[in-house]
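Inside the fold
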Amino acid sequence: MLATTATANDRVMEDLRSVLGKEIQVYRGDLNRENLILQTIKLNSKAGRLAWLAEKLPSISGSGIVYTLTIKEANLVASWLASRGLKSLPYSSESENREELEDALINDRVKVLVATSALGMGFDKPNISFVVHFQTPASVISYYQQVGRAGRKIPRAYGVLLVDEESFKIDNWFVDNAFPTSEEAQEVLDTLKRFPQGLSIKQMLPNINLPEGRIEKVLTLLSLESPAPVVKENGKWFLTIEEVKHEFWERIERIKKIKRKEIAQMKEYTKLPFGEHMPFLISALDGDTSKVSLPYSPELNSSVDHQLVLDAQKFIYDYQNILVPRKKWPTGGLPIYGVRGNLPPEGLAELGRALSYWEDGGWGPLVSRGKYVDHYFADELVHACVELLLKWKPDPFPQWVTCIPSLRHPELVPDFACRLASALGIPFYNAIRQTKLCPEQKSMKNSAQQARNLDGLFVIQKPLPQGPVLLVDDMVDSGWTMTIAAFLLRK
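**Quick notes on the overall build of the chain**
Along the chain, the regular secondary structure elements total 18 helices and 14 strands. The C-alpha atoms of the chain give a radius of gyration of 26 Å, which matches the 23 Å a tight globule of 491 residues would have. Overall, the chain is about 80 × 65 × 40 Å in size when its C-alpha atoms are taken along their principal axes. Pairs at least 24 residues apart make up 75% of the contacts formed inside the chain by residues separated by at least 6 positions. Positive and negative side-chain charges of the chain, numbering 59 and 59 respectively, have mean locations separated by a distance of 2 Å.

Right under this line is the structure:
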């Protein structure tokens, strides 16, 4: 809505307040109290922030919320706290039992609910003891609303922001990707022009190399224009005779500029000394700071036990990222392989594991260095994968190893898989052959494009050894490479 109605910076802020004003006024009144202790703590690593949570939260009576910016982080933080003996559960848009999770927090059956912004304004628990932000929110409004849930009807509560530079990278990424580019919009319009009978978003995916979410965003924003260049009827999108006006892009750029100012404002908040956070928040939202009450309780200690930081780092390294195989072929299927619809049960891989997230605080940086700098994966990664397998204990255990081939880097993954097989004491076979050079998977922007890019790409070299096989690759994104290779091996 903001992208289509705002005409100036003041108008955008007016729209924000019209949407959120009631909640802002409630929290403005609630926050101006001396029982809520606001503070920021700078910790230089993810392990440090995890360690701080595990060390400090048990000392705070009652239960509370830890907010993260991503679902991935919510799952990680909840798992870490649970491993340290704190009753902790993740809460996000992927949670199917949100009411049960909220009820568990309301009735103090959990110490911590680790949540994304999916835990919204409708949630009400008057005796929340703490709200801790594992990462910095993108705006004062977001932070104000979330931290305002703490301590509305108890003598003392804490609102703590754990500061790191990673948060601002994530926030800026969200701003950069919040709105479509003119090139993306034109690509969607050109596609609709080729199909005057209209297309659903799913039908667009094989015809346009854009992520599904980007296509949906383009269509939604354009449909809100007046007059609109696109319309939706009976589940399909159609082109109208109207063109996208230049003012549309000007509004988007204005809003992006405002969002970046909001991020800068939050960065300023993170640098404030203790006691100045409340006045800053209320002033930022045009409130009256003349009656701001200073906290009467001391701030929480920012120091963290060194051994606990090491334990948290090891937890990040050992954190098992489960790979779930795809169970349905993309819209239209794969014509060369002659498949469509659901994958048959006998064609599915078992659940897999990933050693780390890309460039994350665990093994990610070493994986990145091996792929793009050394062109060789270090022996430490082999040992880490062996430990992962021993902890995972797949049943039945693999009797041989194979890997995804690559014509661009023919030795990188086979060399690693061969060393891994040797460390496991089982043989390695080059069972899969790549038939041609195709565009890199990372250049494919949606699931259908990624799957079609691999159609007919792999063939199985027979004869195959007997028994279960461990299928290895260096990176997994969409999951289609693993899905197709596993399907062919099972077949």
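Moving on from the coordinates now.
**Some thoughts on the pattern of salt bridges**
Counting across every chain of the model gives 17 salt bridges. A salt bridge links Lys 259 to Glu 262; the nearest nitrogen and oxygen atoms lie 3.7 Å apart. Of the two residues, Lys 259 and Glu 262 both sit in helix 11 (residues 246-270), three residues apart, roughly one turn of that helix. With a closest N to O distance of 3.4 Å, Lys 391 and Asp 318 form a salt bridge. One end of the pair, Lys 391, is in helix 15 (residues 379-392); the other, Asp 318, is in helix 13 (residues 306-318), and 73 residues separate them in sequence. Asp 318 sits in the partly exposed class, given a relative accessible area of 21%. Among the charged side chains, a network of salt bridges with common partners joins Lys 314, Asp 318 and Lys 391.

**Looking at the pairing of strand 5 (residues 130-133)**
Of the two faces of strand 5, the one carrying Phe 130 and Val 132 and the one carrying Val 131 and His 133 are both buried. Examined bridge by bridge, strand 2 (residues 64-67) and strand 5 share four bridges and lie parallel to one another. In the sheet register, Gly 64 faces strand 5, and the bridge partner there is Phe 130. Alignment of strand 5 against strand 6 (residues 157-163), held across four bridges, turns out to be parallel. Bridge pairing in strand 6 places Phe 130 opposite Tyr 158. For the handedness criterion, the β-α-β arrangement of strand 5, helix 6 (residues 140-147) and strand 6 is classed as right-handed.

**Section: the confidence of the model for the chain**
For the chain, the mean per-residue pLDDT works out to 87, and 92% of the residues sit at or above 70. Across residues 1-29, confidence stays below pLDDT 50; counting only partners more than four residues off in sequence or on other chains, it has 53 contacts.

**Description of the layout of surface pockets**
Roughly 1000 Å³ of internal volume is contained in the second largest pocket. Lining of the second largest pocket is provided by 33 residues; of these, Ser 117, Ala 138, Ser 139, Ser 142 and Lys 259 occupy positions nearest its centre. Looking at the lining of the second largest pocket, the elements that each hand over two or more residues are helix 2 (9-31), helix 6, helix 7 (165-176), helix 10 (212-223) and helix 11. Taken together, the residues that form the lining of the second largest pocket break down as 17 nonpolar, 11 polar and five charged.

**What to know about helix 6**
Here helix 6 lies mainly inside the structure; seven of its eight residues are buried. Among the residues making up helix 6, those that are buried are Val 140, Ile 141, Tyr 143, Tyr 144, Gln 145, Gln 146 and Val 147.

**Remarks on the side chain of Ser 478**
Looking at the secondary structure, you find Ser 478 in the loop between strand 14 (469-472) and helix 18 (480-490). With relative accessibility at 17%, the residue Ser 478 sits in the buried group. Here the side chain of Ser 478 touches Trp 480 through a polar contact of 3.3 Å, landing on its backbone nitrogen.

**As for the environment of Ala 349**
You can see Ala 349 is positioned in the loop between strand 9 (321-323) and strand 10 (352-354). In this structure the C-alpha to C-alpha distance between Ala 349 and Ala 264, which are 85 residues apart in sequence, comes to 46 Å. Excluding residues that lie within four positions of it along the chain, Ala 349 makes contacts with Pro 325 and Ala 486.

**Focus on a nonpolar patch on the surface**
A contiguous nonpolar surface patch, about 390 Å² in accessible area, is contributed by Trp 358, Tyr 372, Val 373 and Met 475. With respect to the helices and strands, the residue Met 475 is situated in the loop between strand 14 and helix 18.

**Description of the sheet that holds strand 4 (residues 112-115)**
With parallel pairing, the six strands of this open sheet are ordered in space as 1-6-5-2-4-3. Where the open sheet ends on each side, the last strands, each with one partner, are strand 1 (36-42) and strand 3 (88-91). For this sheet the average axis-to-axis angle between neighbouring strands, irrespective of direction, equals 15°. Pairing geometry for strand 3 and strand 4, over four bridges, is parallel. Residue Ser 88 lies in a different strand from strand 4, and its bridge partner there is Val 112. Helix-sheet contacts for helix 6 involve strand 1, strand 2, strand 5 and strand 6, and the interaxial angle to strand 5 is about 150°.

Thresholds, definitions, all that
- Residues numbered from 1 in each chain as written.
- Predicted model: local features only at pLDDT ≥ 70, side-chain atom pairs only at ≥ 80, totals over all residues.
- Heavy atoms only, no water.
- Helix = DSSP H or I, 4+ residues; strand = E, 2+ residues; numbered from the N terminus.
- Rg over C-alpha atoms; globule rule 2.2 N^0.38 Å.
- Contact = heavy atoms within 4.5 Å.
- Lys, Arg positive; Asp, Glu negative; His and termini not counted.
- Charge placed at Lys NZ, Arg CZ, Asp CG, Glu CD.
- Salt bridge = Lys/Arg side-chain N within 4 Å of Asp/Glu carboxyl O.
- Buried < 20%, exposed > 50% of the residue type's maximum accessible area, 1.4 Å probe, protein only.
- Pairing = 2+ DSSP bridges.
- Right-handed = clockwise from strand over helix to strand, strands pointing away.
- pLDDT = per-residue confidence, 0-100.
- 1 Å grid on protein atoms, 1.4 Å probe; cavity = no way out; pocket = protein on both sides within 12 Å on 5 of 7 lines; lining within 4 Å.
- Points joined across faces, edges and corners; volume = space filled by probe spheres on them.
- Nonpolar A, V, L, I, M, F, W, Y, C, P; charged D, E, K, R; others polar.
- Polar contact = N/O pair within 3.5 Å; in protein donor to acceptor, adjacent residues only side chain to side chain.
- Patch = residues over 30% accessible without salt bridge, like charges linked within 9 Å, V, L, I, M, F, W, Y side chains within 5 Å.
- Areas by Shrake-Rupley, 256 points an atom, 1.4 Å probe, with all protein chains shown as cover.
- Axes fitted to C-alpha atoms, helices over the stretch in contact; angles between N-to-C directions.

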